[in-house]
Amino acid sequence: MRSHPGLALAYFACVIGITMVVASPVFAGISLAGAALAALAARGRAALPGLGASVVLVVFVTAVNPLFNTAGSTVLLQVFGRPYTAEALLFGAVLAAQLAASLLWFSAAGRALTPEKATYLFGGAAPALSAVLTLVVRLVPAYGRRARAVAEARDAMGCGPASAHGMVGKARAGATVLAALTAWSLEQGVTTADSLAARGFGTGRRTVWGRYRLTVRAGLAMAALVALLALVGVGLAAGAGGAQFLPQFALPAASPLVAAAWAAWAALVIAPTLVGAGEEALWRCSLSTR
């Protein structure tokens, strides 16, 4: 999704913040569904392993929570002489949905806020921090590619991790690859530092160039974001994000304001998927008319 970096930062900060803070089954479930749809829309089948891991995480946290939290009046069974309650199970499901949704939203934010956009946002105010973040984001995939290259080269020589026998042999082969990667990363660090020093980094006021402009479309999107957040905030103040888990589970009383807050939250988390689908449809229409 093409968007102004400031708009993307504001959106993900608000969505992730509300997801992490509001322990509501409705808000957590809607957020998890929206994050999963956004991942599928952005990555397609490549997102399935991550979504599968999220399902495993949700099931695990949900099932384990009643083993430590025995509060609740609805006892489903006894485990090691301790009550396994439905209320603790539901509370664990909400916590698990919050955790999984937050991880998926952080992943989406990492895809949307590229190093170029991060540099545009923070380069003027915090150039050192911006440079460090850019280098770290670049280092992680480069480290993985170099690790695979070193491992494949040593496998071709017959001394790599895939060619080793036994746990000790594989550990030694992996340690050799790790040593090569460590030496390479240190050398790259020295080279990068010398390059920055040669270009005068930190010697004076830094100029910032950006190809992003605040357009009418970005202004309308920001206005819609503020309106939806305002409606969600009013609903949260009215109790839309509340839920009673003890002694028995209960959702907040239904009211037009609560329903409007839930609908606004759903519209907020589904927005990236809808915008991405609209841009894809426009792109395909433009190709078909040529």
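Please read these numbers as outputs of a predicted model, since none were measured by experiment.

Definitions and limits used
Residues numbered from 1 in each chain as written. Predicted model: local features only at pLDDT ≥ 70, side-chain atom pairs only at ≥ 80, totals over all residues. Heavy atoms only, no water. Pairing = 2+ DSSP bridges. Helix = DSSP H or I, 4+ residues; strand = E, 2+ residues; numbered from the N terminus. Axes fitted to C-alpha atoms, helices over the stretch in contact; angles between N-to-C directions. Parallel < 35°, antiparallel > 145°, perpendicular 65-115°, else oblique. Contact = heavy atoms within 4.5 Å. Nonpolar A, V, L, I, M, F, W, Y, C, P; charged D, E, K, R; others polar. Core = buried A, V, L, I, M, F, W, Y, C linked by side-chain atoms within 4.5 Å. Buried < 20%, exposed > 50% of the residue type's maximum accessible area, 1.4 Å probe, protein only. Expected span 1.5 Å × (residues − 1). Arc of directions from axis to C-beta. Phe/Tyr/Trp six-rings, centres within 6.5 Å; stacked < 30°, edge-to-face > 60°.

Turning our attention to the pairing of strand 2 (residues 82-85). Relative to strand 2, strand 1 (residues 75-79) runs antiparallel, the two being bridged by four bridges. Within the sheet, the bridge partner assigned to Val75 lies in strand 2 and is Thr85. Here strand 1 folds back onto strand 2 in antiparallel fashion, the turn holding two residues, of which Phe80 has a positive phi close to 55 degrees.

Taken N-terminus to C-terminus, the directions of helix 1 (residues 5-21) and helix 5 (residues 115-122) make an angle of 95 degrees; their axes are 9 Å apart at the nearest point. Regarding the angle of helix 1 to helix 5, the classification is roughly perpendicular. Counting all contacts with helix 1, which are made through Pro5, Gly6 and Leu9, the residues of helix 5 involved are Lys117, Tyr120, Leu121 and Phe122. Of the residues contributing to the contact of helix 1 with helix 5, the split by class is five nonpolar, one polar and one charged.

Core analysis: the largest hydrophobic core is formed by 29 residues, its most contacted members being Tyr11, Phe12, Val15, Phe27, Trp105 and Trp265. Residue assignment for this core shows that the elements contributing at least two residues are helix 1, helix 2 (25-43), helix 4 (86-112), helix 8 (216-237) and helix 9 (256-288). Apart from the residues within four sequence positions on either side, Phe27 is in contact with Ile18, Val22, Val232, Leu236, Ala240, Gly241, Trp262 and Trp265.

For Phe80, which is not glycine, the phi dihedral falls at a positive 55 degrees. Along the polypeptide, Phe80 turns up in the loop between strand 1 and strand 2. Overall, Phe80 belongs to the exposed group, its relative accessible area being 81%.

Since the α-helix packs 3.6 residues into each turn, any two residues three or four apart lie on the same face. The terminal C-alpha atoms of helix 3 (residues 48-68), which comprises 21 residues, lie 31 Å apart, in line with the 30 Å expected from a rise of 1.5 Å per residue. Inspection of helix 3 places Leu51, Ser54, Val58, Thr62, Asn65 and Pro66 among the buried residues, and these make up the whole buried set. Angularly, the buried residues of helix 3 cover 90 degrees about the axis, an arc narrow enough to put them on a single face. What points out from helix 3, more than 90 degrees from its buried face, is the exposed set Pro49, Val56, Val59, Phe60 and Phe68. Close packing links the buried residues of helix 3 with helix 2, strand 2 and helix 4.

Before going further, it helps to examine the packing of aromatic side chains. Scanning all chains against the criterion turns up five aromatic pairs. A ring pair is formed by Tyr11 and Trp105, whose centres lie 6.3 Å apart and whose planes are at 75 degrees; its orientation type is edge-to-face. Linking Tyr11 in helix 1 with Trp105 in helix 4, this pair joins segments that are 94 residues apart in sequence. Residues Tyr143 and Trp184 carry aromatic rings whose centres are separated by 6.3 Å and whose planes lie at 50 degrees to one another, so their mutual orientation is tilted. Of the two residues, Tyr143 is situated in helix 6 (residues 127-156) and Trp184 in helix 7 (residues 166-198); the sequence distance between them amounts to 41 residues. Judged by relative accessible area, which is 24%, Tyr143 ranks as partly exposed. In textbook terms, an aromatic cluster arises when at least three aromatic residues are bridged by ring pairs, as seen for Tyr11, Phe12 and Trp105.

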